[in-house]
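# Structural overview for review
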Amino acid sequence: MSLLIDTLASGTVLACAGAMIAIVVSGISSAKGLGISGNAAAGVTAEDEKNFSSALILESLPQTQVVYGFIIAILIVVGIMGGNMTLEKGLISIVAGIIVGFTGLSAIPQGKVAAASIGAVAKNEKVRGKVLVFIVMPEIAALFGFVISILLLVSAKVF
């Protein structure tokens, strides 16, 4: 019982929860976004194999949110491995995981925009650069969450 209380007081459990939230929420969101855009990519590629390269590039963009979550989870785990996870650091770790995980939900609407953009490029190759701007817009929320999460972890000296 004493070991459990010591572990909870150290913040390790909270930090583990933060790492889990970071990777699980952003991972599920990216998978959902990639599924949406992947369906469109497969459809336009089946219509004309020349669409493959453009479709692949546009389809892959909702994957970045899980990269952000993965990096934050790694930083938290490195902090845990350092053996100096205080309760304060654990709380900040869980907040950082929540921020990057939930802003990573932007991968779902990004997948929808990517799907529409894949269809647009299949019809008119000249719009590829223009539709890329539309796909990147939902990314900004995830990028902001990623930066804030890093700043929180750095300021608390978690890793």
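See the structure shown above.
None of the values given here were measured: they were computed from a predicted structure. (Residues numbered from 1 in each chain as written. Predicted model: local features only at pLDDT ≥ 70, side-chain atom pairs only at ≥ 80, totals over all residues. Heavy atoms only, no water.)

Summing up its helical and strand segments, the chain has 8 helices and 0 strands in all. Each helix and strand of the chain, ordered N terminal to C terminal, gives the series α-α-α-α-α-α-α-α. Its C-alpha radius of gyration of 19 Å places the chain more than 25% over the 15 Å reference for a compact globule of 159 residues. The dimensions of the chain, computed from C-alpha atoms along their principal axes, are 65 × 25 × 20 Å. Across the 159 residues of the chain, 39% fall into the buried class. Contacts in the chain between residues far apart in sequence, at least 24 positions, make up 87% of those at least 6 positions apart. Counting every atom, the chain has about 8400 Å² of accessible surface; 74% of that belongs to carbon and sulfur. (Helix = DSSP H or I, 4+ residues; strand = E, 2+ residues; numbered from the N terminus. Rg over C-alpha atoms; globule rule 2.2 N^0.38 Å. Buried < 20%, exposed > 50% of the residue type's maximum accessible area, 1.4 Å probe, protein only. Contact = heavy atoms within 4.5 Å. Areas by Shrake-Rupley, 256 points an atom, 1.4 Å probe, with all protein chains shown as cover.)

Attention shifts here to the side chain of Ser 30. Within the fold, Ser 30 resides in helix 2 (residues 12-47). Taking the relative accessible area as the measure of exposure, Ser 30 reaches 1% and is therefore buried.

Among the secondary structure elements, Ala 40 is positioned in helix 2. Residue Ala 40 is classed as buried on the basis of its relative accessible area, which comes to 17%. Setting aside residues up to four positions removed in sequence, Ala 40 forms contacts with Ala 115 and Ile 118.

Counting 17 residues, the largest nonpolar core has Ile 72, Ile 76, Val 100 and Leu 153 as its most contacted members. If you list the elements that add at least two residues to this core, you get helix 2, helix 4 (64-81), helix 5 (87-103) and helix 8 (139-155). Beyond its immediate sequence surroundings of up to four residues, Val 100 is in contact with Ala 22, Ser 26, Tyr 68, Gly 69, Ile 72, Gly 145, Phe 146 and Ser 149. Grouped together as the second largest cluster of nonpolar side chains are 11 residues, Ala 41, Leu 58, Val 131 and Ile 135 included. (Core = buried A, V, L, I, M, F, W, Y, C linked by side-chain atoms within 4.5 Å.)

A few words now on the packing of helix 4 against helix 5. Packing of helix 4 against helix 5 brings their axes to within 9 Å, and their N-to-C directions diverge by 170 degrees. When the axes of helix 4 and helix 5 are compared, the pair comes out roughly antiparallel. Side by side, helix 4 and helix 5 meet where Tyr 68, Gly 69, Ile 72 and Ile 76 of the first sit next to Ser 93, Ala 96, Gly 97 and Val 100 of the second. Residues that form the contact of helix 4 with helix 5 fall into these classes: 5 nonpolar, 3 polar and no charged. (Axes fitted to C-alpha atoms, helices over the stretch in contact; angles between N-to-C directions. Parallel < 35°, antiparallel > 145°, perpendicular 65-115°, else oblique. Nonpolar A, V, L, I, M, F, W, Y, C, P; charged D, E, K, R; others polar.)

A cluster of nonpolar residues, Met 20, Ile 23, Val 24, Ile 28, Val 67, Phe 70, Ile 71, Ile 74, Val 78, Val 154 and Phe 159, forms a patch on the protein surface that exposes about 920 Å² of accessible area. Looking at the nonpolar patch, the elements that each hand over two or more residues are helix 2 and helix 4. When residues in the nonpolar patch are grouped by element, the largest group, 5 residues, is from helix 4. As for its placement among the helices and strands, Val 154 is situated in helix 8. Under the relative-accessibility criterion, Val 154 is labelled partly exposed at 45%. (Patch = residues over 30% accessible without salt bridge, like charges linked within 9 Å, V, L, I, M, F, W, Y side chains within 5 Å. Salt bridge = Lys/Arg side-chain N within 4 Å of Asp/Glu carboxyl O.)

The values reported here are purely geometric and, on their own, carry no functional implication.
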